[in-house]
Each structure stands twice: as C-alpha cells, then as structure tokens.
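# Understanding the architecture of this molecule
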Amino acid sequence: MFKRLLTISALLSLPLFAAAPQAPSAAPEHLQNLAKVIGQNPTPYNMTWRAGYISAFLKAYPQHQSLLLSQTGMHGPLGRRMIALALWLADTEESRAELNLLHSYDPLAAAGLTNKKAPDFTKLETLYNGVDEANVLDIAWGVYDAGHDREVLASFIRCAARSTPPQTNAYEYWDIPPSGRTPIPPAAGDADIVAMAAKWSILSRAEQDPEFAAEVEACLQELPADIQQRFRAPLPQYGPNESAYDADDTM
C-alpha cells in the first residue's frame, strides 16, 4: 500500500492550458474546455491530483464557477468527492456555498470537509508524518501544475528536506483518532514517510522533465544552505523509493 501511495504522490502532470489560473480573466473557449475536463470522472489514482488542479481554477475564477462545474452532473461517488474536495480547497464565498449545497443532498461526498481547515500548500513541511497526509502531496501537485507557483514548489522541497517531522502543531489531513489512522508500514520503521514521498516525487519528476529539474534547482538556490544540503542527500534505502515512476494515470 505504501508503494502505491508513493506512486500516487509523485504523479507527473502538465497544465492543460497555457494560461495560469492567476490571470485576471480567461477566454470563454478556455473555460469551456476546462469545464469538459472537469466533467470527466476521475480514477482512484488521479482523484486527489485533479481536485487540487480544479480548485486552483475555482479560486481564480469564482465568477465562472457555474460554468466550470456545468459538466459534473453525471459524476459518480468518486467524482462528487473530487468536486467536494476542490470546492473545499478553493475556499471562496461561491465554493463554500456550493459545498454546503452539495452536503445537503450528498452528505457522503462532503463528509468531513465543511468544518475542516484546508491544508496550506506553501507550508507542506508542517504535515503530520502519517500515511493519510501523503494524500495532501497529491493535491499539492495538482495546485502546482495549475499555476507553477514557486512557493508551492519551495514548500515541497522544505518538506522533503525537513530534519524531523513536526512534534507540535502539525497539520493532520483528517481529524482521525490514533486508532483510526492508516498504520505506517512496519518496513518503514521510524522513517519520515511524508518527507520521503515528497522528495521521491520531486526527484522522479525532475528525472523525466528537464524544465522542471531546472525549476527545482533555481528554487533550491533561494533556500537556506542547510535545506539544500539535506535535500541533496540520498534517499534512504527503502523498497518503494526504488519503484518505477508511472505518470500515465493523471488526467
């Protein structure tokens, strides 16, 4: 299962459109095309990445939320969960209203989201060291791919290079009691599996994408020397770190 989590966490995806979501406006054709993509049902392997990607556009274009969600009427349970996640992450007045509406007729899709604080993708180093938190990395890659925000990439690097998981004030993806958490695989020992997943995903992606590798190097140069040193250290010898990098199942 941990191998699968690392594979999902490292999904390599390119933006579907040239315009970054931070742009003040977008051509109707752009939004129509994006609405059709959002209307596609996800798979278990790409749902969290897509939720992050969609959320960036919902946040950038709240006035066009109805158009962007116009193709989602045929979504199954997984697709409705994806849209609920995207609405929660966007955290606009419009998305919160839509999430509350979704919760009223499909409580399972929005379960656990309406009163939960969304993760800060510029502070991934604060993630709790748990299997459940690895999902946040999937979402963060979706957000990054939508706009190539350098702050998100920097937080990936800081997470990958952290010397130890946070002992206090860590961000927990869900409010899960210890008894309900997915157990860390025994083979991982005391490893920081979130940091390993973050680093493995960056390195695997950089190996296949020279432009991304250059962006990582440029970002590294802006970070403190100790972070650079820890990031450049080899990954621990652990089976899933050597698994094949597969990015065929993103969008």
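Each remark here, short or long, concerns the structure printed above.
Let us look at the structure shown here. Keep in mind it's a predicted model, so treat the numbers as computed, not measured.

Cut-offs applied
- Residues numbered from 1 in each chain as written.
- Predicted model: local features only at pLDDT ≥ 70, side-chain atom pairs only at ≥ 80, totals over all residues.
- Heavy atoms only, no water.
- Helix = DSSP H or I, 4+ residues; strand = E, 2+ residues; numbered from the N terminus.
- Contact = heavy atoms within 4.5 Å.
- Polar contact = N/O pair within 3.5 Å; in protein donor to acceptor, adjacent residues only side chain to side chain.
- Axes fitted to C-alpha atoms, helices over the stretch in contact; angles between N-to-C directions.
- Parallel < 35°, antiparallel > 145°, perpendicular 65-115°, else oblique.
- Left-handed = near helix turned anticlockwise from the far one by under 90°.
- Nonpolar A, V, L, I, M, F, W, Y, C, P; charged D, E, K, R; others polar.
- Phe/Tyr/Trp six-rings, centres within 6.5 Å; stacked < 30°, edge-to-face > 60°.
- Buried < 20%, exposed > 50% of the residue type's maximum accessible area, 1.4 Å probe, protein only.

### Observations regarding the environment of Q228
The residue Q228 is located in helix α11 (residues 225-232) in this model. Separated by 71 residues in sequence, Q228 and I157 have C-alpha atoms that sit 8.6 Å apart. Q228 has contacts with L220, Q221 and L223, leaving out every residue within four places of it along the chain. A distance of 3.1 Å separates the side chain of Q228 from the backbone oxygen of L220, its partner in a polar contact.

### Quick notes on the packing of helix α2 (residues 28-38) against helix α3 (residues 47-60)
A pair of packed helices is characterised by two quantities: the angle between their axes and the separation of those axes. At a minimum axis distance of 11 Å, the contact between α2 and α3 shows a crossing angle of 150°. Classed by the angle they form, the pair α2 and α3 counts as roughly antiparallel. Considering how the two elements wind past one another, α2 and α3 form a crossing that is left-handed. Facing α2, whose interface residues are H30, L34, V37 and I38, α3 presents R50, Y53, I54 and F57. Here the contact of α2 with α3 is composed, by residue class, of six nonpolar, one polar and one charged.

### Quick look at the packing of aromatic side chains
Inspection of the entire model under this criterion finds seven aromatic pairs. With centroids separated by 5.0 Å and ring planes inclined at 15°, the aromatic side chains of W49 and Y53 adopt a geometry described as stacked. Here W49 pairs with Y53, and both are found in helix α3, just four residues apart, close to one helical turn. Residue classification places W49 among the buried positions, given a relative accessible area of 0%.

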